[in-house]
Amino acid sequence: GENVEQHPSTLSVQEGDSAVIKCTYSDSASNYFPWYKQELGKGPQLIIDIRSNVGEKKDQRIAVTLNKTAKHFSLHITETQPEDSAVYFCAASRTGFQKLVFGTGTRLLVSP
Amino acid sequence: NAGVTQTPKFQVLKTGQSMTLQCAQDMNHEYMSWYRQDPGMGLRLIHYSVGAGITDQGEVPNGYNVSRSTTEDFPLRLLSAAPSQTSVYFCASLDGSSYEQYFGPGTRLTVT
């Protein structure tokens, strides 16, 4: 089955810096890669996703890149703000399935 | 539009007791899932359903039962609670066209 590894487990940055979180996956048939943000005491919330027919996707300060050959994808947050502090999860699945396999999470701390 | 709701928010059980975690969604989504979240392990899929009357096992189904009699509701039953089931449980429903999963606020379960 699919296995998703996520690094780093914790990331501390200064406000205004960029943050990068990386994930690798094992199942070459996976073609849907979402990223979730989880704030304390809440459920995960989708912030951006990418499908395998696209190499990069941007939404304001957030971008995701996908390298299918190397089987890795990354989340990029630019101009970080204190409200970006949260736990971020990557996930992978085959389109048409809801069986998401999650990474272990990255705790991002943005200091003012 | 309440999205995905879960009850209770917190629960303490003794080993061997049974209980049902409730989940409901008002978005008319066919797909629903249950995940558990443990420290350092991300979210793991317990059971999922692709429509009323249809359920299937996920990655960690042992000790849990589900049923889906309506589109709106997807309860998770623990027949005989064990300390290993201490976790935070999240229910999610999937938009079948966008593949976005909407998570509920979670139920924190402690088994003593």
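See above for the structure.
Small disclaimer: the values here were computed from a predicted structure and weren't measured.

**Q** So what exactly am I meant to see when it comes to the overall build of chain B here?
**A** Within chain B, the secondary structure is distributed over zero helices and 11 strands. Scanning chain B from its N terminus toward the C terminus, one meets helices and strands in the order β-β-β-β-β-β-β-β-β-β-β. Computed over C-alpha atoms, the radius of gyration of chain B comes to 13 Å, within 12% of the 13 Å expected from 2.2 N^0.38 for 112 residues, which places it in the range of a compact globule. By principal-axis analysis of the C-alpha atoms, chain B measures approximately 40 × 30 × 25 Å. The buried share among the 112 residues of chain B stands at 49%. Pairs at least 24 apart in sequence give 53% of the contacts found in chain B among residues at least 6 apart. Accessible area for chain B stands at about 5100 Å²; split by element, carbon and sulfur atoms hold 50% of it. Averaging the positions of the 7 positive and the 9 negative side-chain charges in chain B gives two centres separated by 15 Å.

What counts, and where the lines are drawn
Residues numbered from 1 in each chain as written. Chains lettered and ligands numbered in written order. Predicted model: local features only at pLDDT ≥ 70, side-chain atom pairs only at ≥ 80, totals over all residues. Heavy atoms only, no water. Helix = DSSP H or I, 4+ residues; strand = E, 2+ residues; numbered from the N terminus. Rg over C-alpha atoms; globule rule 2.2 N^0.38 Å. Buried < 20%, exposed > 50% of the residue type's maximum accessible area, 1.4 Å probe, protein only. Contact = heavy atoms within 4.5 Å. Areas by Shrake-Rupley, 256 points an atom, 1.4 Å probe, with all protein chains shown as cover. Lys, Arg positive; Asp, Glu negative; His and termini not counted. Charge placed at Lys NZ, Arg CZ, Asp CG, Glu CD.

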